[in-house]
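What follows is each chain in one-letter form.
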Amino acid sequence: QVQLVESGGGLVQAGGSLRLSCAASGRTVSDYVMGWFRQAPGKEREFVAAITRSGANTLYADSVKGRFTISRDNAKSTVYLQMNSLKPEDTAVYYCAASTSTGTLAQGSWGQGTQVTVSS
């Protein structure tokens, strides 16, 4: 099983940027589809973005399309989420996930999460 550790969260003003990182260990990260989810207080967890094993294909939630970019560096066993033009509604705990397919990410391996807070 792969272990995931997120980092890079913090407090940022609306319109600002953050880059989240997810470091994977324990298994070959290139074996996994990787993704990001988030959960805001009082809300259900929601899908943010996913990236295929090679990085050739990506998928985004409509709410972040055009603002967020997911990428991966398999040599570094790390997945990134570049977040630009942040909005207060992006405030949430962001989680990294790994699985064998995009459809099973929610049931895969998860990190502990990193807090992102966007002030207005």
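Refer to the structure printed above.
Novice: Whenever I open this one, unusual backbone geometry confuses me. Can you help?
Specialist: Leaving glycine aside, a negative phi is the common case for residues, and trans is the common case for peptide bonds. With a phi angle near 55°, Ser77 is a residue other than glycine that sits in the positive phi range. Even without being a glycine, Ser85 presents a positive backbone phi close to 50°. Examined against the element boundaries, Ser85 turns out to sit in the loop between β8 (78-83) and β9 (92-99). Taking relative accessible area as the criterion, Ser85 reaches 42% and is therefore assigned partly exposed.

Novice: Is there a simple way to think about the environment of Thr104 in this case?
Specialist: Relative to the helices and strands, Thr104 resides in the loop between β9 and β10 (109-110). Exposure remark for Thr104: the relative accessible area of 31% places this residue in the partly exposed category. Each C-alpha atom, one on Thr104 and one on Phe47, is 12 Å from the other, the two residues being 57 residues apart in sequence. Side-chain polar atoms of Thr104 contact the side chain of Ser101, separated by 2.9 Å.

Novice: So what exactly am I meant to see when it comes to the side chain of Asp90 here?
Specialist: With respect to the helices and strands, Asp90 occurs in the loop between β8 and β9. What Asp90 contacts, discounting residues up to four positions off in sequence, is Arg38, Arg67, Phe68, Ser85, Val116 and Val118.

Novice: Any chance you could explain the environment of Lys65 here in plain terms?
Specialist: Relative to the assigned elements, Lys65 resides in the loop between β6 (58-60) and β7 (68-73). With 17 residues separating them along the chain, Lys65 and Val48 place their C-alpha atoms 9.0 Å apart. A polar atom in the side chain of Lys65 sits 3.1 Å from the side chain of Asp62.

Novice: Before we go on, may I ask you to explain the pattern of salt bridges in this structure?
Specialist: For the coordinates displayed, the defined rule picks out four salt bridges. Salt-bridge contacts for Asp90 lead to Arg38; the nearest nitrogen and oxygen are separated by 2.9 Å. Taken as a pair, Asp90 in the loop between β8 and β9 and Arg38 in strand β4 (residues 33-39) lie far apart in primary sequence, 52 residues in all. A residue is classified by how much of its surface remains accessible, and Asp90, at 1% relative accessible area, is buried. By relative accessible area, which is 5% here, Arg38 ends up buried. Linking Lys65 and Asp62 is a salt bridge whose minimum nitrogen-to-oxygen distance equals 3.1 Å. Bridged by salt links that share partners, the residues Arg38, Glu46, Arg67 and Asp90 form one connected network.

What counts, and at which threshold
- Residues numbered from 1 in each chain as written.
- Predicted model: local features only at pLDDT ≥ 70, side-chain atom pairs only at ≥ 80, totals over all residues.
- Heavy atoms only, no water.
- Helix = DSSP H or I, 4+ residues; strand = E, 2+ residues; numbered from the N terminus.
- Buried < 20%, exposed > 50% of the residue type's maximum accessible area, 1.4 Å probe, protein only.
- Polar contact = N/O pair within 3.5 Å; in protein donor to acceptor, adjacent residues only side chain to side chain.
- Contact = heavy atoms within 4.5 Å.
- Salt bridge = Lys/Arg side-chain N within 4 Å of Asp/Glu carboxyl O.

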